[in-house]
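Okay, here's what each chain looks like letter by letter:
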Amino acid sequence: MKTFPVLAWKEAQEIIHTWRIWVLPAMVIFFAVIGPPLARITPELLGSLTAGTKGSVTLPPATFADAYGQWIKNLSQIILFAIIIMYGGMVSTEVREGTAAFVLTKPVRRSTFIMAKATVHGLFVSIAFVVGTLATWFMTQLVFGAAPAGQLWAPALLLLLFALLVLAFMELFSVLIPATAGAAGAGLGLYALLAAGGAWDPLASYSPAGVPAIAAAMAANQAHMSPAWPAITGLVAAIAAVALAAFLFKRKEL
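Residues numbered from 1 in each chain as written. Predicted model: local features only at pLDDT ≥ 70, side-chain atom pairs only at ≥ 80, totals over all residues. Heavy atoms only, no water.

Considering unusual backbone geometry
In this model, asparagine 221 sits at a positive phi of 60°, which is unusual for a non-glycine residue. Turning to its location among the elements, asparagine 221 is positioned in the loop between helix 10 (211-219) and helix 11 (228-250). Its relative accessible area of 62% is what places asparagine 221 among the exposed residues. (Helix = DSSP H or I, 4+ residues; strand = E, 2+ residues; numbered from the N terminus. Buried < 20%, exposed > 50% of the residue type's maximum accessible area, 1.4 Å probe, protein only.)

Structure (structure tokens):
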């Protein structure tokens, strides 16, 4: 394990000196900042567009829950799509460019190589989620004058576990599929499969497939299912995906 800090530092430097350090944080901050003001003006905007027309509907004033719901929706859709696309070449890019072969000529275990990537990039995604949620919390308080912490942080942290699950599978797909686009396509397929599975109650209640819907309900203070099993099974699946990626990478020809 002495090589782990060295490989972790290498991964951190790659984040800092590449486009990843800008893209994900910029997206997160952008949606966190514009979400609450947009949620505040949406009912008024829709009302003004339909005013004077037959059958026009008057929407109730927006509340902090609308801002929370918008943030959770962005995390579970746009931000997750960005993670899938960003990490399509998580391993395969280094294999293709010869970086992995060069690093592994040293006394470095391939499993340590995989674990360092999972740990550092998981930390990077976690920091982005936390910073974005803090910004949403602050902006919601500023715009609405109320921002209960638990109603925002609980679903956001649940979605962070879901994002780490997706990241773990992106590492696995990047080991299995040499093409970056192919791995990203597999990640989008996984996302679609989980979304479809979330429509079936047993899967929604006991698997990660239910996380987005449960998180949205928690943000609206309407949760009707416990997040415990989806969180536990999601964490187990993420660990299993990284372990399988390490196992397969040991047998991969570089």
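Notes on the packing of helix 7 (residues 149-176) against helix 10
Packed helix pairs are characterised by how far apart their axes lie and by the angle those axes make with each other. Helix 10 packs onto helix 7 with a crossing angle of 170° between their chain directions and a minimal axis gap of 8 Å. On the basis of the axis angle, helix 7 is roughly antiparallel to helix 10. Contacts between helix 7 and helix 10 involve Gln151, Ala154, Pro155, Leu158, Leu159 and Phe162 from the first element and Val211, Pro212, Ile214, Ala215, Met218 and Ala219 from the second. Across the contact of helix 7 with helix 10, the residue classes break down as eleven nonpolar, one polar and no charged. (Axes fitted to C-alpha atoms, helices over the stretch in contact; angles between N-to-C directions. Parallel < 35°, antiparallel > 145°, perpendicular 65-115°, else oblique. Contact = heavy atoms within 4.5 Å. Nonpolar A, V, L, I, M, F, W, Y, C, P; charged D, E, K, R; others polar.)

Thoughts on the nonpolar core
Taken as a class, soluble globular proteins show a tendency for nonpolar side chains to be buried jointly. Of all hydrophobic cores here, the largest spans 69 residues; its most connected members are Leu24, Ile83, Tyr87, Ile114, Val125, Phe129 and Phe162. Here the element with the most residues in this core is helix 7; it accounts for 15 residues. The residues touching isoleucine 114, leaving out its near neighbours within four places in the chain, are Val91, Glu171, Val175, Val242, Ala245, Ala246 and Phe249. (Core = buried A, V, L, I, M, F, W, Y, C linked by side-chain atoms within 4.5 Å.)

Concerning the packing of aromatic side chains
Scanning the model with the defined rule gives seven aromatic pairs in all. When the centroid spacing of 5.4 Å and the interplanar angle of 10° are considered together, the rings of phenylalanine 113 and phenylalanine 249 count as stacked. In this pair, phenylalanine 113 sits in helix 6 (residues 110-144) while phenylalanine 249 sits in helix 11, placing the two residues 136 residues apart along the sequence. Taken individually, phenylalanine 113 and phenylalanine 249 each receive the classification buried, so the pair is uniform in this respect. Between phenylalanine 169 and phenylalanine 173, the ring centres sit 6.0 Å apart and the planes meet at 50°, which makes this aromatic pair tilted. Here phenylalanine 169 and its partner phenylalanine 173 are both found in helix 7, four residues apart, which amounts to about one turn of the helix. Owing to a relative accessible area of 14%, phenylalanine 173 belongs among the buried residues under this scheme. In this arrangement the basic side chain of arginine 20 is found over the ring face of tryptophan 19, its NZ or CZ atom lying 5.5 Å from the centre. Over the ring of phenylalanine 249 we find arginine 110; its NZ or CZ atom is 5.5 Å from the centre of that ring. (Phe/Tyr/Trp six-rings, centres within 6.5 Å; stacked < 30°, edge-to-face > 60°. Lys NZ or Arg CZ within 6 Å of the ring centre and 35° of its normal.)

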